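Listed below are the residues making up each chain.
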Amino acid sequence: MRQPFTRRSFLKRTLGAAGAAAAAFPAIVPSQALGAGGAVAPSNRIVMGGIGVGSMGMGDLGDFLGRRECQVVAVCDVDRRHRENAKRAVDNRYQNDACKTYLDFRELIDRGDLDAVFTALPDQWHALPAIYAARAGLDIHGQKPFARTIREGRAMCDAVHRYGRVWQTGSQQRSDRRFRRAVELVRNGRLGKILKVEVGLPTGGAHGVEPPRPVPEYLDWNWWLGPAPYRPFCNFGGNSPHWDWRWIMDFSGGQLTDWAGHHIDIAQWGLGFERTGPVAVEGQGEFPADGLYDVPMRYKFVCTYANGLQMTVANDSGQGIAHGAKWYGERGWILVNRGTLQAEPKEILDEEIGPNEIQVYQSDDHKGNFLECVRTRRETVAPAEIGHRSISVGLLGEIAMLTGRKIRWNPDTEEIIGDPGASALLGKAYREPWTL
Amino acid sequence: MNRMLFATMSAALACGAARAAETRTVELLDAPVMSAWQLPTGKWEVAGEVAQRPDKPGLLAWKAGRGAIVNGDDGRTCNIHSKIEHGDCEAHIEFMVPQGSNSGVYFQARYEIQVFDSWDAAANAPKADPKHSDCGGIYERWGANGGYEGHGPRVNACKAPGQWQTFDVVFRAPRFDASGRKTANACFVKVVHNGVLVHENVEVTGPTRAATWENDEKPLGPLMLQGDHGPVAYRNIRITLPVSDIAAAADAVLPESALPALMKFEFGRERKQEAALELALRSAAAEVVAVVEARLLAVLAAKDATFAAKQWVCRLLRAIGTEQAVPVLAGLLADKELAHFARLALQHCPSPKAGEALRAALGALEGDLKTGVVSSLGERGDAKAVAQIAALADSKDEMLAQAAIRALGRIGTAEAAAALADAPVAREHRALAGDSALLCADGMLARGDAAGAAAIYRAYTERRHDPMVRLAAFRGLVLAEKEKAVPLVLDLLDDRDAKIREAAYLFMGQMPGVETTKAFAAKLPALPPASRAALIAVLAGRGDQAALPAVLAALDDADQDVRVAAITALATLGDASAVPPLLAAAARGGATGEAAARTLARLPGDDVSRALVRTLQDKPDTAATAADILVKRRDKAAFPALKELAKQKNAHAARAYGRMLDWAADGSPETLAAMFEEAMTLAPDVAAQRLVLGAAAKRAALWSLEFVEKYRADAKLKAAADAAHAKISAALDKMPLLENETVLKAAEAEIHGGGAVYEDGANRDCIGVWTSAQAWVSWDVMIKTPGTFEVKIAQSMAGIPGGTYNVIVGDQALKGTVKDTHDWARFEAIALGRVTIAKPGAYTVAFKPIKLVGTYLINLRSVTLTRVR
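Described below are features of the structure shown in this document. Just so you know, the residues in each chain are numbered from 1, in the order the chain's sequence is written. Chains and ligands are labelled sequentially in the order written, the chains with letters from A and the ligands with numbers from 1. pLDDT decides what is reported in this predicted model: residues at 70 or higher carry local features, side-chain atom pairs at 80 or more are listed and counted, and totals for whole chains, interfaces and linings draw on all residues regardless. The basis for every side-chain value is the complete set of heavy atoms in the structure, and neither hydrogens nor water enter the calculation.

## Topic: the packing of aromatic side chains
- Centre distance within 6.5 Å is the pairing criterion for rings of Phe, Tyr and Trp, where only the six-membered ring of Trp is used; planes under 30 degrees apart are then read as stacked, over 60 as edge-to-face, and the remainder as tilted. Inspection of every chain in the model, using the stated rule, returns 33 aromatic pairs over all chains.
- For the pair Trp 221 of chain A and Phe 233 of chain A, a centre-to-centre distance of 5.0 Å together with 85° between the ring planes defines the contact as edge-to-face. One end of the pair, Trp 221 of chain A, is in helix 8 (residues 221-225); the other, Phe 233 of chain A, is in the loop between helix 8 and helix 9 (255-271), with twelve residues separating them in the sequence. For the residue pair Trp 221 of chain A and Phe 233 of chain A, the accessibility class agrees, reading buried in each case.
- Among the aromatic side chains, those forming a connected cluster through ring pairs are Phe 105, Trp 125, Tyr 132, Trp 223 and Trp 434 of chain A.
- Placement of a charge over a ring requires the Lys NZ or Arg CZ to be within 6 Å of the ring centre, with the centre-to-atom vector within 35 degrees of the ring normal. The aromatic ring of Trp 269 of chain A is capped on one face by Arg 174 of chain A, whose charged end is 4.2 Å from the ring centroid.
- Just above the ring of Trp 776 of chain B sits the side chain of Lys 848 of chain B; from NZ or CZ to the centre is 4.2 Å. Strands here mean DSSP runs of E at least two residues long; helices mean DSSP runs of H or I at least four residues long; both are numbered from the N terminus. For every residue, the accessible area obtained with a 1.4 Å probe (protein chains only) is divided by the maximum for its type, and the residue is called buried under 20%, exposed over 50%, and partly exposed between those limits.

Structure follows, in structure tokens:
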């Protein structure tokens, strides 16, 4: 069970003064905390564990392993091969045998010596480890979409806020200069009054049927499912459930929820609506007519905000912008995605943002921003509330498409108005014995 | 509605045999959202009170509420169709039109009873001699020779506009034989308008004008309300129709014949019928869904239905389930395989019976199944379950105990908090219990009980509790007590728990108010250095200038980290008054100096730039640093002031001015040339003059070329002038030179905006896939010899020509219309006219769409400019 609280405050360690009673701590790491050659003394490193070390998790792991200011000491996964693979990577990096592996994320968190965790899990698992880690006093680097349901997202935000934890959502576009520039141009009125917004996300696809198969010996299927409804094991595409779980509604919402956390997030950032949401959502989706996958393939829904502004979210073949966010204003438009930043008239892109104008949160290194905020206790560039609000738009779109009705939403109380059938889809019963 | 009259009417169906069938009355407008209507619903919205606008009698105004619907501000939106489809029916409809407005009620979306303002205001009476197009008329049909068969009402029974009116209609649907051929027309058996009989036994031979389907007729169809002919409001729409029609619609969604296969569903089997059913249910009327639900519940109860089938039914019930499903689902709560699926449907079922069923099951279950029910009760926020659940908080079953403790927190009432306080809890669950108690306090605070919440928070700040719970309790106390919590938070800075000290800074950032800022700032001197730096960072985050005096004072702190923190904080808090100390620090250099310079470069405020400019005169010691910072600020507002100072022989101002020339100077070529010349005379020394030449190098134009040319003969400036000349020449050389003829090719064009791309290959080699009028292309050309030029383009287009565009050279535009060449690979030359270029220089040639017709505008291969002799 939980160990007695022996966790050190990183900030206290930075001073190198162990146990000094009144020793407080700086809000910025003083230069002397970094040793010669930029080496960080072990006592000053941020101690981390990884929960979910499959393909995405290994990407996170590799990034954190490359940073001197943190040290990974534990990994957790329900697939034995992932655990072993990750341990090999960690031990190889530090040239020791110290990395511990876990099946049960609670044991990893309960170690008592971690400062932070990074998680890379299927969506049904986004909430529980996050809340558990927050209660244990750990900071968290999580993936998007923030949560599978709006109720889970709110519970996660509440836990992060209640325990004063630092949270970074893995929406790395927020630390990309191109996106930041687009947002600053929009926020500073270079388009004039915004008339409408379009968000383009990828199109989904269908799949054949998959027969149930015996569970491979390296995988704990009950743990993999977690709080999601039971189904017999089968491949989801390729040779495993890994990755392709995202096309099955029990686990995720498809391309819509996979990418809402990126481009809807950017769109709302540009509008200044990142901590609120629309007041109405209406639209339609096309679901596979057969086969294993049941998430929307083609989809289009319109979100109306309190000021009357409308944002259309659709799959790429359903409207003209391909992927990304496009704001239309009185003076022209700006389009931004991972490959381009365009504007009409083009001269808008030459404009300077002056010192008197709105400058949004500047981060040029997403994981570095997380680690810095672990030290300084500042809010990150993609904090929990914003991650939750971004995916909430996608989840409301999902509810609108599943019910075939126009959803009226109160973004302050986070309630659906006048539609109990739709409200029922805001949360989802967890499979016993898990509890939100 | 007059029920007696209605019953009499139904008994006297004169157009066909009477049907003594069991009927059902469906309300279409009683929900707070338009759930009985198909999407899209456009600008229609649910409303409370509706009235004609006194200022604009042609429009309606309404209050938020329910009971009515209105078709938006201007009455120009789509028609709406009910989800329920009807054949024979009786309908009661209430409507209101403002002055001059127009709508209609279409039975089966095909046969219209007209809604219209047929009031004669001059006569203060309904208009005489009402036509089919007047209120209550059966609208005409429309054919090749115009309108026919409309029926005016016997009497014009309409009221003045802005009043609620009623229709009571008995409608008989057309009849069809087994092969689908019509055997009897649709018939309005009775139409009663405001209590007056206006039609009796009127047949309609086919759909009336502007019906949703003008060319076919069916046994069933939705009720349609017209929404695009003007403002209208409706309320109290009821349709009474035979239950057999609802059953028939349910049959279409889920036929009996599909049930056997559904019952045998297995994982890994094809699921076409299941997917089709889910799709159909999304747009089905609630009454139809209820019938389908009953059939699905039979599957759930069937002994020989598979597990896969039953779990699939439960998933459906999560989305469409009603109170009707509760008993069957409750029966599954003890089924190890299906219990979770039953809870999927029960957990958020709005009926209180779902809560009752879950509470009843609690007593009868054990182990994980019991844990699941506890979890669901918690998620329902079921306050009635508090006592039952609290008794489980110390269960030997660890997961059950945890679920019980969590559920009390999720229920979050004051009673749940009290139960938590009283319930014995295993030692290892105390922190969890604390978390749940705090969740309850959060809920109480959100519902307005700050005092009750504060009492709970305070209790959990005691040292005997888990440190993280204490931290969360302090946070709650800060939220509940706001400014009153300031002393508490300041004390936390000295708490012996490191995480709590750390959290104190977080809390400080969350406590608004000027007095709070002052209280925090006042604590600065008493803290050790590292805490001072942290507190300054918090004050910066608060963004409250009340902290400015304290932060300015910290610029002289003995500790470097504190000074740097103060300097960084001034970037958000500072104003012009911070300029002197920041500038002094910047001039001293070092880490502090760099931080100060960065802050000054970002410090917002016009007066900051002005203050910096003034120091160029007043403070020669720091002038070099100030000039540097002014350049970094990229503040165009400082540009004129710098020039003035440069004219007064201030060397630093002159240098800064020179460095900003490349981007801050605006104007015509003549103006710019003059500005640069002036800058050369203002430059205090050769080095500054070289900066001016460097700025000119960034402007690729003929005037800048001539400008730098002059200085190539000056020994001291030759190197800089040569370099500038080379740079400008290289840029200009890249531009095609228009002597007699230049062909500007697609492959070399610059494409602006999304919505057009370069297509290569012999059949293309053009800008194409042009789907947006916002996309445009341009080329830069150098014209050294003025003259007049013919402009031609090479284009192809197959399909829908007629799009328009401009070709713009400099400031002259020639308009063109896209020509159909019948083949995207066949390009023709189109002459557009002439432009005259009076001055030599670099010019932009642009092709900009005006209007797109159809999907693709044009394939553009080239623009050719040819000199006219």
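## Things to note about a nonpolar patch on the surface
- Side chains of Val 757, Val 769 and Tyr 856 of chain B sit close together on the surface and give an oily, nonpolar patch of about 240 Å² of accessible area.
- A relative accessible area of 43% places Val 757 of chain B in the partly exposed class. Within this analysis, patches are made of residues with over 30% relative accessible area and no salt bridge. Like charges are joined at 9 Å or less; nonpolar side chains (Val, Leu, Ile, Met, Phe, Trp, Tyr) at 5 Å or less. Per-residue and other accessible areas follow the Shrake-Rupley method at a 1.4 Å probe size, with only the shown protein chains counted as cover for residues. Salt bridges are counted wherever a side-chain nitrogen of Lys or Arg sits within 4 Å of a carboxyl oxygen of Asp or Glu.

## Topic: the interface of chain A and chain B
- What makes two residues a contact is simply this: any of their non-hydrogen atoms within 4.5 Å. Counting residues at the interface gives 85 residues for chain A, matched by 82 residues for chain B.
- Roughly 7200 Å² of surface becomes buried between chain A and chain B when both sides are summed, with 55% attributable to carbon and sulfur atoms.
- Remark: the boundary between chain A and chain B carries seven salt bridges.
- Mapped onto the side of chain A that touches chain B, the elements with two or more residues apiece are helix 1 (10-14), helix 5 (127-135), helix 6 (150-162), strand 8 (280-286), strand 13 (341-344), helix 11 (384-403) and helix 12 (420-423) of chain A.
- With four residues, helix 6 of chain A is the largest single contributor of residues to the side of chain A that touches chain B.
- By the convention adopted, Pro, Cys, Tyr, Trp, Phe, Met, Ile, Leu, Val and Ala count as nonpolar, Lys, Arg, Asp and Glu as charged, and the other residues, Gly among them, as polar. Split by residue class, the side of chain A that touches chain B holds 42 nonpolar, 17 polar and 26 charged. Simply put, the buried area is the total loss of 1.4 Å probe accessible area from both parts when two parts are fitted together.

## Details of the sheet that holds strand 19 (residues 221-225) of chain B
Residues and elements named next belong to chain B.
- The four strands are arranged 6-19-8-9 in an open sheet whose pairing can be described as antiparallel. Pairing within the sheet leaves two strands with one partner each, and these edge strands are strand 6 (80-86) and strand 9 (111-116). Each strand of the sheet is rotated relative to its neighbour by a mean of 20°, with strand direction disregarded.
- As paired strands, strand 6 and strand 19 are joined by four bridges and run antiparallel to one another. Its bridge partner lying in strand 19, Glu 85 is registered against Pro 222. Two strands qualify as a pair provided DSSP detects at least 2 bridges between them. Geometry is summarised by axes, namely lines fitted to C-alpha atoms with helices restricted to the contacting stretch, and by angles between N-to-C directions that run from 0 to 180 degrees.

## So, the packing of helix 2 (residues 243-253) of chain B against helix 5 (residues 286-301) of chain B
Residue and element names in this part refer to chain B.
- For the pair helix 2 and helix 5, interaxial distance at closest approach is 9 Å and the crossing angle is 60°. Considering only the axes of helix 2 and helix 5, their crossing is right-handed. Contacts from Ile 246, Ala 247, Ala 249, Ala 250, Asp 251 and Val 253 in helix 2 reach Glu 287, Val 288, Val 291, Val 292 and Arg 295 in helix 5.
- Its residues placed into classes, the contact of helix 2 with helix 5 shows eight nonpolar, no polar and three charged. The hand of a helix crossing depends on one turn: near helix anticlockwise from the far one by less than a right angle means left-handed, and clockwise means right-handed.

## Topic: the sheet that holds strand 11 (residues 324-329) of chain A
Residues and elements named next belong to chain A.
- Read across the open sheet, the nine strands follow the order 13-12-11-7-10-9-8-14-15; overall the sheet is mixed. Looking at strand neighbours, the two that pair on one side only are strand 13 and strand 15 (415-416), the edges of this open sheet.
- Relative to the sheet, helix 9 contacts strand 7 (194-201), strand 9 (298-304), strand 10 (310-315), strand 11 and strand 12 (332-336), its axis offset from that of strand 7 by approximately 155°.
- Docked against the sheet, helix 11 engages strand 8, strand 9, strand 10, strand 14 (407-410) and strand 15, running at close to 65° with respect to strand 8.

## Considering the nonpolar core
- Counting residues in hydrophobic clusters, the biggest one holds 234 residues, and the most contacted among them are Phe 107, Phe 188, Tyr 234, Leu 277, Ile 389 and Leu 642 of chain B.
- Per element, the largest residue contribution to this core is nine residues, and it comes from helix 16 (residues 467-481) of chain B.
- Not counting chain neighbours up to four residues away, the residues in contact with Leu 642 of chain B comprise Val 613, Leu 616, Leu 630, Ala 653, Ala 656, Tyr 657 and Met 660 of chain B.
- Judged by nonpolar contacts, the second largest core, of 105 residues, contains Leu 108, Ala 134, Leu 292 and Cys 303 of chain A. Nonpolar core, defined: a set of buried Ala, Val, Leu, Ile, Met, Phe, Trp, Tyr and Cys residues in which side-chain atoms within 4.5 Å join the residues together.

## Describing the packing of helix 8 (residues 339-346) of chain B against helix 10 (residues 367-380) of chain B
Residue and element names in this part refer to chain B.
- Put simply, helix 8 and helix 10 touch, their axes get as near as 10 Å, and they point 10° apart. On the basis of their axis angle, the class for helix 8 and helix 10 is roughly parallel. In this structure, helix 8 contributes Ala 339, Arg 343 and Leu 346 to the contact, and helix 10 contributes Leu 369, Gly 372, Val 373, Ser 376 and Arg 380.
- Of the residues assigned to the contact of helix 8 with helix 10, the class counts are four nonpolar, two polar and two charged. These descriptions rest on fixed angle ranges, namely under 35 degrees for roughly parallel, over 145 for roughly antiparallel, 65 to 115 for roughly perpendicular, and the rest for oblique.

## Examining helix 9 of chain A
Residues and elements named next belong to chain A.
- Spanning 17 residues, helix 9 covers 23 Å between terminal C-alpha atoms, matching the ideal 24 Å at 1.5 Å per step.
- At Gly 261, helix 9 is bent by approximately 45°, the largest bend along its length.
- Extensive coverage of helix 9 is indicated by the burial of 17 of its 17 residues. Here the expected span of a helix is defined as 1.5 Å times the quantity of residues minus one. Bend is the name given here to the angle between axes fitted to two runs of seven residues, the run ending at a residue and the run starting at it.

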